[in-house]
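# Close look at the chain arrangement
Below, each chain spelled out in residue letters.
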Amino acid sequence: MLVLGIETSCDETSAALVADGKEILSNVIATQLDLHRKYGGVVPEIAARRHAELIGYVVKEALDAGGKALSDVEAIAVTARQGLIGSLLVGVAAAKSLSYALHLPLIGVHHIEAHIFANLLSNPQIPVPHVCLTVSGGHTLLVYVRDYCQYELLGGTLDDAAGEAFDKIAKFLGLGFPGGPVIDRLATNGNREAFRFPRPMLKANNLDFSFSGLKTAIINTFKQSIARGEELPLEDIAASFQEAVVEVLVAKTVRAARRKQASTISVTGGVSANRRLREVFTEACRREGIQVFFPPLSLCTDNAAMIAAAGYARMQKGWRDDLNLDVIPSIPLEVQDGRGN
């Protein structure tokens, strides 16, 4: 079955063709980074307007790149849950139009569920059940994947997501947007032990996260250096900050795997592209005898291939939506309508 996926939950306009939930024929992503960089973050109104301008072209490019026509498409999957409301509305409107015009099944997908499928799409050998860490600019949460489209939320962020903390620190330090890649690069030349920043909630007997206190500690350290007239060790600050975030993410995820007696961990989302995170995860899981999987870099950030893969899995369970499909910008993955949404 050929599924056309559409993703517009934030600032990436994406369309993809995926066959049988596993073969990516095309995965076109139009980024808006240049539009939002000067603001230091995503501006929702600008993002929605840009999606409206691009969506038709991106869908056509996905069809052309996959060597298919609209008549070859057998279902439409679209992000309808979790994201910026204006951005979501553009994608859902486009999906509804195609579904109506072509008489095709329509499947609404939760954005977090799609990230889980980004890893399953690229690593089909991942067993279920397993523990999944989804970590990005908007999300940091641990999910127990009981089965395809069946989830248990184990823990989430109480304030800033990990990727959000990267962005805010990078903005404060004048490093630009998005913050994750630039901090990752700077940290390569920094001393990870130069500053002993706090590891928030590391010892708490739960699986939740909090990064606002860490963010405050970095800002205070920076201001103290300025007050003393010291040269600002940006590489060391970046490396020490990154190490604190990574240590918490890895420790909590391994703890979750132990509690669920899971032998496999998957890590997904934009922050899963971080080199130090992958390195520490790999070593920690080796010591614990746990398998760990990451998606390729092309599937770490928001993309429509993961939407199509999740939509296909939902169709296999007999789940469909109709033209009354509405967007819900904020809804936890574990809150279900009887079908996993």
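Residues numbered from 1 in each chain as written. Predicted model: local features only at pLDDT ≥ 70, side-chain atom pairs only at ≥ 80, totals over all residues. Heavy atoms only, no water.

## Looking at the pattern of salt bridges
On inspection of all chains with the given rule, the structure shows 19 salt bridges. Among the ionic pairs, Arg258 bridges to Glu288, the shortest N-O distance being 3.1 Å. Placement of the pair is Arg258 in helix 8 (residues 234–259) and Glu288 in helix 9 (residues 275–288), with a sequence separation of 30 residues. For Glu288, a relative accessible area of 38% puts it in the partly exposed group. (Salt bridge = Lys/Arg side-chain N within 4 Å of Asp/Glu carboxyl O. Helix = DSSP H or I, 4+ residues; strand = E, 2+ residues; numbered from the N terminus. Buried < 20%, exposed > 50% of the residue type's maximum accessible area, 1.4 Å probe, protein only.)

## Comments concerning the packing of aromatic side chains
Using the criterion set out here, one finds 6 aromatic pairs in the structure. Residues Phe117 and Tyr148 carry aromatic rings whose centres are separated by 6.3 Å and whose planes lie at 35° to one another, so their mutual orientation is tilted. Taken as a pair, Phe117 in helix 4 (residues 111–122) and Tyr148 in the loop between strand 7 (140–147) and strand 8 (150–156) lie far apart in primary sequence, 31 residues in all. By relative accessible area, Phe117 is classed as buried at 5%. When its relative accessible area of 34% is taken as the criterion, Tyr148 is described as partly exposed. Between Phe166 and Phe241, the ring centres sit 5.0 Å apart and the planes meet at 65°, which makes this aromatic pair edge-to-face. (Phe/Tyr/Trp six-rings, centres within 6.5 Å; stacked < 30°, edge-to-face > 60°.)

## Quick look at the sheet that holds strand 8
The mixed open sheet is built from 5 strands, whose spatial order is 8-7-6-9-10. This sheet does not close on itself; its edge strands, each paired only once, are strand 8 and strand 10 (291–293). On average, each strand axis in the sheet is tilted by 25° relative to the strand beside it, whichever way the strands run. Across the sheet, helix 8 lies against strand 6 (130–135), strand 7, strand 8 and strand 9 (264–268), angled at about 155° from strand 6, the strand it touches most. Lying on the sheet, helix 9 is in contact with strand 6, strand 9 and strand 10; it crosses strand 9 at an angle near 175°. (Pairing = 2+ DSSP bridges. Axes fitted to C-alpha atoms, helices over the stretch in contact; angles between N-to-C directions. Contact = heavy atoms within 4.5 Å.)

## Structural notes on the packing of helix 5 (residues 162–172) against helix 6 (residues 179–187)
Taken N-terminus to C-terminus, the directions of helix 5 and helix 6 make an angle of 70°; their axes are 8 Å apart at the nearest point. As summarised for this structure, helix 5 and helix 6 are arranged roughly perpendicular, according to the angle between their axes. Where helix 5 approaches helix 6, its residues Phe166, Asp167, Ile169 and Ala170 are matched on the opposing element by Gly179, Gly180, Val182 and Ile183. Of the residues belonging to the contact of helix 5 with helix 6, the class tally is 5 nonpolar, 2 polar and 1 charged. (Parallel < 35°, antiparallel > 145°, perpendicular 65-115°, else oblique. Nonpolar A, V, L, I, M, F, W, Y, C, P; charged D, E, K, R; others polar.)

## Re a negative patch on the surface
A contiguous patch of negative charge on the surface is contributed by Asp20, Glu23, Asp72 and Glu74. By the element assignment, Asp72 lies in the loop between helix 2 (44–66) and strand 4 (75–81). (Patch = residues over 30% accessible without salt bridge, like charges linked within 9 Å, V, L, I, M, F, W, Y side chains within 5 Å. Areas by Shrake-Rupley, 256 points an atom, 1.4 Å probe, with all protein chains shown as cover. Lys, Arg positive; Asp, Glu negative; His and termini not counted. Charge placed at Lys NZ, Arg CZ, Asp CG, Glu CD.)

## Let's talk about the domain arrangement of the chain
When cut into domains, the chain gives domain 1 (2–115 + 299–335) and domain 2 (127–294). Across the contact, 20 residues belong to domain 1 and 18 residues belong to domain 2. Of the roughly 1,600 Å² buried where domain 1 meets domain 2, counting both sides, 69% is carbon and sulfur surface. Taken as a group, Ile112, His115 and Cys300 account for 32% of the area that domain 1 buries against domain 2, more than any other trio of residues on that side. Summed over the shared surface of domain 1 and domain 2, the number is 0 salt bridges. (Domains from an automatic or database assignment. Buried area = accessible area lost by both parts, 1.4 Å probe.)

## Re the sheet that holds strand 3 (residues 23–31)
The 5 strands are arranged 3-2-1-4-5 in an open sheet whose pairing can be described as mixed. Lying at the two open borders of the sheet, with one neighbouring strand each, are strand 3 and strand 5 (106–110). Direction aside, neighbouring strands of the sheet carry axes that sit 20° apart on average. Bridge count for strand 2 (residues 12–19) against strand 3 is 8 bridges, and the pairing is antiparallel.

## What to know about the nonpolar core
With 51 residues, the main nonpolar core has Phe241, Ile265 and Phe281 as its most contacted residues. Among the secondary structure elements, those contributing two or more residues to this core are strand 6, strand 7, helix 5, helix 6, helix 7 (212–227), helix 8, strand 9 and helix 9. Per element, the largest residue contribution to this core is 13 residues, and it comes from helix 8. Residues in contact with Phe241, not counting those within four places in the same chain, are Ala165, Phe166, Ile169, Ile183, Phe197, Leu214 and Ile218. (Core = buried A, V, L, I, M, F, W, Y, C linked by side-chain atoms within 4.5 Å.)

## Re the environment of Pro329
Tracing the sequence through the fold places Pro329 in the segment after helix 10 (304–316). Once the C-alpha coordinates of Pro329 and Val248 are considered, the two residues, 81 residues apart in sequence, prove to be 28 Å apart. Excluding residues within four positions of it along the chain, Pro329 makes contact with Gln82, Gly83, Ile85 and Leu88.

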